[in-house]
Amino acid sequence: MSDRRVVITGIGIVSPLAFGREATWERLIAGKSGAGRIDVFDPEDMPCKIAFQVPWTNGRGGGTGDPHAFDPDKFVSSKELRRIDEFILYAIAAAEEAVEDADWRPQDEESKERTGVMIGSGIGGLESIYNTAVTLHEHGPRKVSPFFIPSALINLASGQVSIKHGFKGPNHAVVTACATGAHAIGDSARLIKFGDADVMLAGGSEAVIGRIAIAGFCAAKAMSTAFNDTPEKASRPYDKDRDGFVMGDGAAVLVLEEYEHAKARGAKIYAEVSGYGLTGDAYHITAPAEGAEGGYRAMKMALKNSGIDPTEVDYINAHGTSTPKGDEGEAGAVERAYGDHAKNLSMSSTKSAIGHLLGAAGAIETAFCALAIRDQVMPPTLNLDNPSFETPIDLIPHKAKKGRVRAAMSNSFGFGGTNASLVIREVK
Amino acid sequence: MSDVLERVKKIVVDNLDVDADKVVESASFIDDLGADSLDLVELVMAFEEEFNIEIPDDVQESIRSVGDAVTHIKAHI
């Protein structure tokens, strides 16, 4: 389609481990977990009482005394804070760090028009919808805030970020459940390749740890319920005792940039977004297809259009949500997609340390792939004491692993049977 | 009654995130205090809550300044 190449020049992260890219990455590599008992509401009547909350400077989410806790006052005024759902707040904060990291604050009109935003969310302002529904029911329509709709709409993350920075290029938002972040990065890279923009802020944001979302995912029997007294043990991808995913909040935004544009301004480059595959299962609303058939095809497509030899892929950040069925299916699909090379692959699920960030998962996990390429180290799969199956793939149990990372793959699969796979690689 | 202005001021300061000394009777919510149309709706809701009154939609349109609000509230509490 075009010989325009797309590289990552900035990364911003708000995670359950910390606010900030470097603090999150450092703790991830050190094998820390961001899990804890839910403290934003009393979870006593919930089957699942634990989550991966973002640590705040006000103490919630275990943020007391943490030098890397999240401080909303650094990003929005107290007036704004009351008028945006938290998923928008996290998107604004992650975008700010990404723009700072990329040193991309254009002042001229043309550059602003050539910079777009595509930050999605799996669920968006569900907590705002829930709270407003209660207000409407109890007090009637006159008590509904004029800021309710713009605080809950998913594309308002992209909208708010564009307003803050003056980015007037494509303004878009992905909604593909747990594949949102990956699709946002892949689609944004395509917009740059096609020539619609030179720079895109791409990623995902999620903040749904609240009564309604926990109740909903519990009802769907998707969440872990056996580790309420030991939250840090609950997210255990590939382990035989895994019993469901554990929810996480946070956001990640990547600055994607056309390669020549980045080179011309002397930007630091993490990696190239070289391959992107996307498929549908056409199978079931929540369960993955047998053998992760749709995921397999997404991986094959990403490998094919990346133009690299699959043997150059050294690390895979798996979807690996810690559900009984999904983890094994994905691992099997990876073995089939890579054939003999599977025995050389390292693959971890960082959801063991940060939980499942739903619509932000694909974005933060692709960011981890970029940092793995930068530092030539691969994050671990925590709690992998006894794998439930045999595989030639190194699942990186417990401890981070130093090693050559030439190219990395990030997989994300969502409810509804939507799959995305990204390949990123060292820039040559 | 005399504290209506002070109570209005406090609501305006909290809602619009502006300095208290800018909130004088002649100040226009939009031109002087940086409010937009959505801010105005929220402000009126806050006045209704604070003073336990109902401000009809057609009256809301005419409340453009701190003084307008104070005058209306004084006439209806």
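Rules behind the numbers
- Residues numbered from 1 in each chain as written.
- Chains lettered and ligands numbered in written order.
- Predicted model: local features only at pLDDT ≥ 70, side-chain atom pairs only at ≥ 80, totals over all residues.
- Heavy atoms only, no water.
- Helix = DSSP H or I, 4+ residues; strand = E, 2+ residues; numbered from the N terminus.
- Rg over C-alpha atoms; globule rule 2.2 N^0.38 Å.
- Contact = heavy atoms within 4.5 Å.
- Areas by Shrake-Rupley, 256 points an atom, 1.4 Å probe, with all protein chains shown as cover.
- Lys, Arg positive; Asp, Glu negative; His and termini not counted.
- Charge placed at Lys NZ, Arg CZ, Asp CG, Glu CD.
- Salt bridge = Lys/Arg side-chain N within 4 Å of Asp/Glu carboxyl O.
- Buried < 20%, exposed > 50% of the residue type's maximum accessible area, 1.4 Å probe, protein only.
- UniProt positions renumbered as here; feature names shortened; annotations may be inferred.
- Pairing = 2+ DSSP bridges.
- Axes fitted to C-alpha atoms, helices over the stretch in contact; angles between N-to-C directions.
- Buried area = accessible area lost by both parts, 1.4 Å probe.
- Polar contact = N/O pair within 3.5 Å; in protein donor to acceptor, adjacent residues only side chain to side chain.
- Nonpolar A, V, L, I, M, F, W, Y, C, P; charged D, E, K, R; others polar.
- Phe/Tyr/Trp six-rings, centres within 6.5 Å; stacked < 30°, edge-to-face > 60°.
- Core = buried A, V, L, I, M, F, W, Y, C linked by side-chain atoms within 4.5 Å.
- Domains from an automatic or database assignment.

### Thoughts on the overall build of chain A
Summing up its helical and strand segments, chain A has 14 helices and 14 strands in all. Computed over the C-alpha atoms, the radius of gyration of chain A is 20 Å, within 12% of the 22 Å expected from 2.2 N^0.38 for a compact globule of 428 residues. Overall size of chain A, expressed as C-alpha extent along the three principal axes, is 65 × 55 × 45 Å. Looking at chain A alone, contacts between residues at least 24 apart form 78% of all its contacts between residues at least 6 apart. Accessible area for chain A stands at about 15600 Å²; split by element, carbon and sulfur atoms hold 52% of it. Charge centroids of chain A, computed over 45 positive and 55 negative side chains, lie 1 Å from each other.

### Focus on the pattern of salt bridges
When charged atoms on two side chains of opposite charge get close, those side chains can pair. Taken as a whole and assessed by the stated rule, the structure comprises 42 salt bridges over all chains. Among the ionic pairs, arginine 406 of chain A bridges to aspartate 314 of chain A, the shortest N-O distance being 2.9 Å. Of this pair, arginine 406 of chain A sits in the loop between β12 (401–402) and β13 (407–414) while aspartate 314 of chain A sits in strand β9 (residues 313–317), and the two are 92 residues apart along the sequence. The class for arginine 406 of chain A is partly exposed, based on a relative accessible area of 29%. Between glutamate 50 of chain B and arginine 7 of chain B there is a salt bridge, with the nearest N and O atoms lying 2.9 Å from each other. Here glutamate 50 of chain B is found in helix α2 (residues 37–51), whereas its partner arginine 7 of chain B is found in helix α1 (residues 4–16), with 43 residues between them in sequence.

### Observations regarding the UniProt feature "domain: Ketosynthase family 3 (KS3)" (unreviewed entry) in chain A
UniProt's feature table lists "domain: Ketosynthase family 3 (KS3)" (unreviewed entry) at residues 3–426 of chain A, given in the numbering used throughout. Helix and strand shares over residues 3–426 of chain A are 33% and 18% respectively, and the end C-alpha atoms of the span are 17 Å apart.

### Here's the deal with the UniProt feature "active site" (unreviewed entry) in chain A
All names here are of chain A. UniProt records the feature "active site" (unreviewed entry) at Cys178, using the numbering of this structure. Relative accessible area serves as the criterion here: at 10%, cysteine 178 is assigned to the buried category. The residues touching cysteine 178, leaving out its near neighbours within four places in the chain, are His319, His356, Leu358, Gly359, Ala361, Ser412, Phe413 and Gly414.

### Re the sheet that holds strand β8 (residues 271–280) of chain A
Residue and element names in this part refer to chain A. The ten strands are arranged β5-β4-β6-β7-β1-β8-β14-β13-β9-β10 in an open sheet whose pairing can be described as mixed. In the strand order of this sheet, the two ends are held by β5 (171–172) and β10 (346–348), each with one partner. The pairing of strand β4 (residues 115–120) with strand β6 (residues 199–206) spans six bridges and is classified as parallel. Directly across from glycine 116, in β6, lies its bridge partner methionine 200. Its contacts with the sheet place helix α3 (residues 86–102) against β1 (6–14), β4, β6 and β7 (250–258), and it is angled at close to 130° to β1.

### Quick word on the interface of chain B and chain A
Contact with chain B, which involves 16 residues of that partner, is made by twelve residues of chain A. Buried surface at the junction of chain B and chain A, both sides included, amounts to about 1100 Å², of which 40% is carbon and sulfur. One salt bridge connects aspartate 39 of chain B with arginine 83 of chain A, and the closest N-O pair in it is separated by 2.2 Å. The interface formed by chain B and chain A contains nine residue pairs in polar contact (both at pLDDT 80 or more). Elements supplying a minimum of two residues to the side of chain B that touches chain A: α1, α2 and α3 (57–60) of chain B. Among the elements that line the side of chain B that touches chain A, the one with the most residues is α2 of chain B, at seven residues. Across the side of chain B that touches chain A, the residue classes break down as five nonpolar, three polar and eight charged.

### Notes on the packing of aromatic side chains
Residues and elements named next belong to chain A. The final tally for this structure, using the stated rule, is ten aromatic pairs over all chains. Ring geometry for phenylalanine 19 versus phenylalanine 70: centroids 5.9 Å apart, planes at 50°, classification tilted. Of this pair, phenylalanine 19 sits in the loop between β1 and α1 (21–29) while phenylalanine 70 sits in the loop between β3 (50–51) and α2 (78–81); the two residues are 51 residues apart in sequence, bridging distant segments of the chain. Each ring, one from phenylalanine 217 and one from phenylalanine 245, has its centre 5.4 Å from the other, and the planes form 80°; the classification is edge-to-face. Of this pair, phenylalanine 217 sits in helix α9 (residues 211–219) while phenylalanine 245 sits in the loop between α9 and β7, and the two are 28 residues apart along the sequence. A relative accessible area of 12% means that phenylalanine 217 is categorised as buried. Phenylalanine 245 sits in the buried class, given a relative accessible area of 4%. Aromatic ring contacts, followed pair by pair, group Phe19, Trp56, Phe70, Phe75 and Tyr90 into a single cluster.

### Brief notes about the environment of glutamate 127 of chain A
All names here are of chain A. The residue glutamate 127 is located in helix α5 (residues 126–139) in this model. For glutamate 127, a relative accessible area of 24% puts it in the partly exposed group. Setting aside residues up to four positions removed in sequence, glutamate 127 forms contacts with Asp85, Gly210, Arg211 and Ile212.

### Observations regarding the nonpolar core
All names here are of chain A. With 50 residues, the main nonpolar core has Ile8, Ile11, Leu256, Tyr315 and Ile424 as its most contacted residues. When residues in this core are grouped by element, the largest group, ten residues, is from helix α14 (residues 361–375). Both domain 1 (7–265) and domain 2 (276–425) contribute no fewer than three residues apiece to this core. Counting 33 residues, the second-largest nonpolar core is a separate cluster that includes Ile84, Ile88, Val99 and Ala102.

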